[in-house]
Amino acid sequence: MDKGGYAAGINKTLKRFNGSLFNDARALPLDEDDIRELWVASQRSWQDVEPAIFGTLLERALNPRERGKLGAHFTPRVYVERLVIPTIIQPLRADWDVAKQRAKELEEDDQPSEALKVIRDFHRALCSTRVLDPACGTGNFLYVSLEMMKRLEGEVLEVLFHLQQEVQGGEQEGLDLGGATVNPQQFYGIELNPRAVPIADLVLWIGYLKWQLRTSGPASIAEPILHAYGTIREGDAILDSEGTEPVLDDAGQPKRVWDRFSMKPNPVAPEQSIPDPTITIEMVRYIKPKPAPWPEVEFIVGNPPFIGGKDMRGELGDGYTEAVWKARKDVPGGADFVMHFWDAAAERLQAKGTKAKPNPLRRFGFITTNSITQTFSRRVIEHHLKAKAPLSLVYAVPDHPWMKASDKAAVRIAMTVAEPGESEGVLAEVVAEADLNTDTPKVDLRKAEGKVTAKLTLGADLSRMRPLWSQKALGHKGFMPYGKAFWVDAQRARAFGLGRTENAENYIKPYINGRDLNQHSRGKLVLDFHGLNDKEVAERFPAAYQHLAEFSRPVRATDNMEYRRKNWWLFGQPSTEMRSALQGIDRFIATTETARHRLFSFLDGAAMPDQKIRVVAVPQPEFLTILTSRVHTWFSFETGGWQGAGNDPVYQHTQTFDPFPFPALTDAAQSKLADLGERLDAFRKWRIADHDHLTMTGLYNALERLRELEAGIGDAMTDAERDVYDAAQIRILAELHDEIDRAVLDAYGWSDLAHALIGKIGGTIPSLHKTPEQEEAEEELLTRLVSLNEERAAEEARGEISWLRPDFQIPKLSKKAPQPAMDVATNAAIVIPAAEKPSWPKEPMDQIRILRTAMQGATTPMSPGDLSARFRGGRKREERIGALLRDMVELGIARADTERAGRFFLPE
């Protein structure tokens, strides 16, 4: 079988298999019973055997210790399909629908050759689509992916055959595919177990050959029958390093520890077992650990090892576990091992490609334990859903049964599928389960659509929120001097003219960074000569001019930006928009960009905020109250990012302040909120001024500590914590925040959420200890804010804008803002400003794709006019959309609404 040709022993000519499977022709040492079993097996028909059964055989061959180490468990076929379909097949079928629709158009336009080209192009793309399982075991996921892609290829070949006949005038010739077909070369696997690797390769080939024999016959299989593509390789998918070295004790000898498995009888109670400390293994340290490389593919799918975060040391060893944590620092130590696979796939999905070489990865999907929704594992998902280039969960099953047999994993599982960008997804929940201890379990699901959160629930779709005109021009990033020379202390400021030169305070000002705001002031000042040219600075502030000429000009001389080179005595950026917003007000609201607690404070109008501070240019205290409330702080955690060693929340004014819908205030509510804002600002500054050891961060650390103790979390306060508690009068601060939260919820008309939110932990910090009731209330809060944002956007599109600072904003923005008489195109529930609508593409294939995307995001059946209003540009767009919709219905891609004529929707 390795070489092919005549075999005298059986008097037959055999095909050449090769593919490395039969390279080793050594005979196995078989006895009489072994030979008899093989003879019996050879009498059976194996042509209909499911290749995935080899996974079960391998698992049963593993001893319990090895099975635990690898986290190996056979995944039933029905579970594999349940994940492969949304991960791989759905996006491929969406591409196929687009190709079919375009081919149909071309065929109707009497261009069968062009239609044939469209289908050939899709077939070539399908035959070059790559799939990776980074913990492939015996290849079940790869085999099922191959088989389902072959089914799709079968549909493609039928259409190709039809079009080729049309092009050739009805002549029946064989399809010329140029050797292209979906085959095992497209399927990649990484696997630690050396015995599983050749089995996975064989499973793929058996699946492929079965399909070819069933659909095209033996003639379709050329020699050699097998190929050694090398796409399934033995290796570690998570960790790479430069090797290991022993961990040495104080005497310089290798340390040894119990192997964590070997047991011996208990001498006191022989029926019990205890660890055998004489059976040890050498402790090792991994040298320069780093993430392992993965091949470039279009889809990643699989069932990584089921090893809990708390079990990693026991299952994988101290050295390996610590190396993994070091290599993948963004994954919390308490997260399950599978989350390292999830994080690795997510990083690849978010990776930026180039115009010449775009990132090929489209989706990934994993089976994990259902503990993926618990705190540490969930943090991994949250990190990627909130990233600058976010991911979305397009399919999730939060709690799915596993096998119930005694030799199977006693866990419940979850399934997650992710793709890049902001989009809604499908949440599937189990409604019935049966026959779980068989290889064909029955699990019925109920599906719902919406924004799938990191908790694998349907939540508010924050991507639908729009920036509001009411806040426009008020949120800013602080000043960027670009050079240490601009910062001076009080002594040097006096030498440069502060207190001695007329109007010097307009140019030498207090400079505030995040530490000044939340800890203690450094007393720094800044030289800000905005509005003066270099000659004016030299004339009015000669000492300051000389200082900048000596320490700023040489640094700026090599700057890549022309503005900075030429204007070396000025800040690196003029920040004219923020200067305009701050002009004429005696104070403004500020918060640090990145901090453990989300805190808002008033800063004096003369202060110069650093670039790491976010500015809200309003002086009214009622807005300080609203921003400080749980309504806004929780919203900021969900819309901002995460950064730093502590994974602290980031406040991004464009994503967090600009779309935040403020409540419509009555006079009474405005007065109450204003009073609370003044009281809060005064109280905190008073306590900090009264005690040198107090800081804003310290106040809120103590407040959160109080909330935790009241929730029954943690031990009693230490003496140091009690000192801060007493000096800061934290009980008063807590009651003040409770009053603020209650008043703001009342202002929104959402007092029904007060019981679940007020007085609870996590008022200014994303806490790990929230109750289900609190989490549910916070999710409801987000949903209401999204809805209110849509209402505000619709009002503003009609010209009804509730400016936060009308005296400043109306003169500046009224000519650009929507006017009451403007004609606004709307759909169902949301107004899309024209500037934010995507352009209607010129290419027909792109038109079909973007139309499908628009219909997927619709909540009700849409008319051609509704869909046309979602785009800008393009003549006769509505007529073209109508024609595309009719084609989609004819092809079964879309359906017409039977109750309302002229409206269409995509079936589930």
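The shown structure was predicted, so the numbers you read here are calculated from the model rather than taken from an experiment.

Undergrad: Requested: an account of the overall build of the protein chain, with residues and values cited.
TA: The number of helices and strands found in the protein chain is 31 helices and 34 strands. Judged by the C-alpha coordinates and their principal axes, the protein chain covers about 110 × 90 × 60 Å. Counting over 908 residues, the protein chain shows a buried share of 49%. Taking as baseline every contact in the protein chain between residues at least 6 positions apart, the subset at least 24 positions apart corresponds to 71%.

Undergrad: Describe the side chain of Asp-897, with residues and values.
TA: Considering the arrangement of structural elements, one finds Asp-897 in the loop between β33 (895-896) and β34 (904-905). On the basis of relative accessible area, Asp-897 is assigned to the buried category, the value being 14%. From its side chain, Asp-897 meets the backbone nitrogen of Glu-899 in a polar contact 3.0 Å long. Ignoring sequence-local partners within four residues, the contact set of Asp-897 consists of Pro-861, Arg-903 and Phe-905.

Undergrad: For empty space enclosed by the protein, give the residues involved together with the corresponding values.
TA: In the structure shown here, the tally under the stated rule is three cavities of 30 Å³ or more. Quantified by volume, the largest cavity comes out at close to 90 Å³. Lining the largest cavity we find Thr-628, Arg-630, Tyr-700, Leu-703, Glu-704, Arg-707, His-737, Asp-741, Gly-763 and Thr-764. Only α23 (696-710) and α25 (730-748) provide two or more residues apiece to the lining of the largest cavity.

Undergrad: Which residues make up the pairing of strand β4 (residues 187-191), and what values go with them?
TA: The buried fraction of β4 amounts to four of the five residues, a majority that puts the element mostly inside the structure. Where strand β3 (residues 131-133) and β4 come together, three bridges link them in parallel fashion. Looking across to β4, one finds that Leu-132 is bridged to Tyr-188. With three bridges joining them, β4 and strand β5 (residues 232-234) adopt parallel strand pairing. By the bridge assignment for β5, Glu-191 is matched with Glu-234. With respect to chirality, the unit in which β4 leads through helix α7 (residues 196-216) into the neighbouring parallel β5 is right-handed.

Undergrad: Before we move on, could you go through the sheet that holds strand β27 (residues 608-609) and cite the residues and values that matter?
TA: Across the sheet, which stays open at both edges, the four strands sit in the order β22-β24-β23-β27 with mixed pairing between neighbours. Of all strands in the sheet, those bounded by a partner on one side alone are β22 (487-488) and β27. In terms of strand pairing, β22 meets strand β24 (residues 525-527) through two bridges, oriented antiparallel. Paired with Trp-487 across the bridge in β24 is Val-526.

Undergrad: Tell me about the packing of aromatic side chains, and please be specific about residues and values.
TA: The tally for this structure, following the rule as stated, stands at 24 aromatic pairs. Within the aromatic cluster, the residues linked to one another by ring pairs are Phe-623, Phe-635, Phe-657, Phe-660 and Phe-662. In this structure, Arg-587 packs its charged tip against the face of Phe-602, placed 3.9 Å from the ring centre.

Undergrad: Quick one: what's the story with the confidence of the model for the protein chain, residue by residue and with numbers?
TA: With 92% of its residues at a pLDDT of 70 or more, the protein chain has an overall mean of 88. For residues 405-409, every residue scores under 50 in pLDDT, and the model assigns this stretch twelve contacts once sequence neighbours within four places are set aside. Residue range residues 821-832 is modelled with pLDDT below 50. Its contacts to residues more than four positions away, or to other chains, number 22 contacts.

Undergrad: Give a description of the sheet that holds strand β25 (residues 587-592) that names residues and reports values.
TA: Strand pairing in a sheet takes place through backbone hydrogen bonds and is either antiparallel or parallel in direction. Taken in spatial order, the four strands of this open sheet run β21-β28-β25-β26, and their pairing is antiparallel. In this open sheet, the two edge strands, each paired with only one partner strand, are β21 (475-477) and β26 (601-604). With strand direction ignored, the average angle separating the axes of adjacent strands in the sheet is 40 degrees. Its contacts with the sheet place helix α19 (residues 621-628) against β25, β26 and β28 (613-616), and it is angled at close to 15 degrees to β25.

Undergrad: Break down the environment of Ala-668 for me, with residues and values.
TA: Within the fold, Ala-668 resides in helix α22 (residues 667-690). A C-alpha to C-alpha distance of 45 Å links Ala-668 and Lys-447, two positions 221 residues apart in sequence.

Undergrad: Residues and numbers for the packing of helix α5 (residues 112-126) against helix α6 (residues 140-167), please.
TA: Interaxial distance between α5 and α6 falls to 9 Å at its minimum, and their mutual angle equals 160 degrees. When the axes of α5 and α6 are compared, the pair comes out roughly antiparallel. Once α5 is placed against α6, the crossing between them reads as left-handed. Of the residues in α6, those in contact with Pro-112, Ser-113, Ala-115, Leu-116, Ile-119, Arg-120, Phe-122, His-123 and Leu-126 of α5 are Met-149, Leu-152, Glu-153, Val-156, Leu-157, Val-159, Leu-160, Leu-163, Gln-164, Glu-166 and Val-167.

Undergrad: Which residues make up a nonpolar patch on the surface, and what are the values?
TA: A cluster of nonpolar side chains, contributed by Leu-28, Leu-30, Ile-35 and Leu-38, occupies part of the molecular surface with about 400 Å² of accessible area. For Leu-30, the position within the fold is in the loop between β2 (12-14) and α1 (32-42).

Undergrad: Describe α6, listing the residues and the values that go with them.
TA: If you check α6, its first and last C-alpha atoms are 40 Å apart, about what 28 residues at 1.5 Å a residue would give, namely 40 Å. Looking at the residues trailing α6, positive phi occurs at Gly-169, about 70 degrees.

Undergrad: Describe in detail α23, supporting the description with residues and values.
TA: Given a rise of 1.5 Å per residue, 15 residues ought to cover 21 Å, and the 21 Å separating the end C-alpha atoms of α23 matches this to within 8%. Of all 15 residues making up α23, twelve are buried, and the element is well covered by its neighbours. Within α23 the residues assigned to the buried category are Met-696, Thr-697, Gly-698, Leu-699, Tyr-700, Ala-702, Leu-703, Glu-704, Arg-705, Leu-706, Arg-707 and Glu-708. In the core, the buried residues of α23 are packed alongside α13 (514-518), β26, α20 (630-639), α22, α24 (719-728) and α25. Of the residues flanking the end of α23, it is Gly-712, one or two places downstream, whose phi is positive at about 80 degrees.

Undergrad: So, the pairing of strand β15 (residues 363-369): which residues are in play, and what are the values?
TA: Of all seven residues in β15, seven are buried, a share of seventy percent or more. Note that strand β14 (residues 299-302) and β15 share four bridges and pair parallel. Its bridge partner lying in β15, Val-301 is registered against Gly-365.

Undergrad: For the pattern of salt bridges, give the residues involved together with the corresponding values.
TA: Under the criterion given, the structure shown has 61 salt bridges. The salt bridge involving Arg-36 is made with Asp-33; its shortest N-O contact spans 2.9 Å. Taken together, the residues span about one helical turn, with Arg-36 and Asp-33 both in helix α1 at a distance of three residues. A salt bridge links Asp-690 to Arg-687; the nearest nitrogen and oxygen atoms lie 3.5 Å apart. Of the two residues, Asp-690 and Arg-687 both sit in helix α22, three residues apart, roughly one turn of that helix. On the accessibility criterion, Asp-690 (47% relative accessible area) is partly exposed. Three or more residues joined by partner-sharing salt bridges are found here, namely Arg-77, Glu-81, Glu-147 and Arg-151.

Rules and cut-offs
Residues numbered from 1 in each chain as written. Predicted model: local features only at pLDDT ≥ 70, side-chain atom pairs only at ≥ 80, totals over all residues. Heavy atoms only, no water. Helix = DSSP H or I, 4+ residues; strand = E, 2+ residues; numbered from the N terminus. Buried < 20%, exposed > 50% of the residue type's maximum accessible area, 1.4 Å probe, protein only. Contact = heavy atoms within 4.5 Å. Polar contact = N/O pair within 3.5 Å; in protein donor to acceptor, adjacent residues only side chain to side chain. 1 Å grid on protein atoms, 1.4 Å probe; cavity = no way out; pocket = protein on both sides within 12 Å on 5 of 7 lines; lining within 4 Å. Points joined across faces, edges and corners; volume = space filled by probe spheres on them. Pairing = 2+ DSSP bridges. Right-handed = clockwise from strand over helix to strand, strands pointing away. Phe/Tyr/Trp six-rings, centres within 6.5 Å; stacked < 30°, edge-to-face > 60°. Lys NZ or Arg CZ within 6 Å of the ring centre and 35° of its normal. pLDDT = per-residue confidence, 0-100. Axes fitted to C-alpha atoms, helices over the stretch in contact; angles between N-to-C directions. Parallel < 35°, antiparallel > 145°, perpendicular 65-115°, else oblique. Left-handed = near helix turned anticlockwise from the far one by under 90°. Patch = residues over 30% accessible without salt bridge, like charges linked within 9 Å, V, L, I, M, F, W, Y side chains within 5 Å. Areas by Shrake-Rupley, 256 points an atom, 1.4 Å probe, with all protein chains shown as cover. Salt bridge = Lys/Arg side-chain N within 4 Å of Asp/Glu carboxyl O. Expected span 1.5 Å × (residues − 1).

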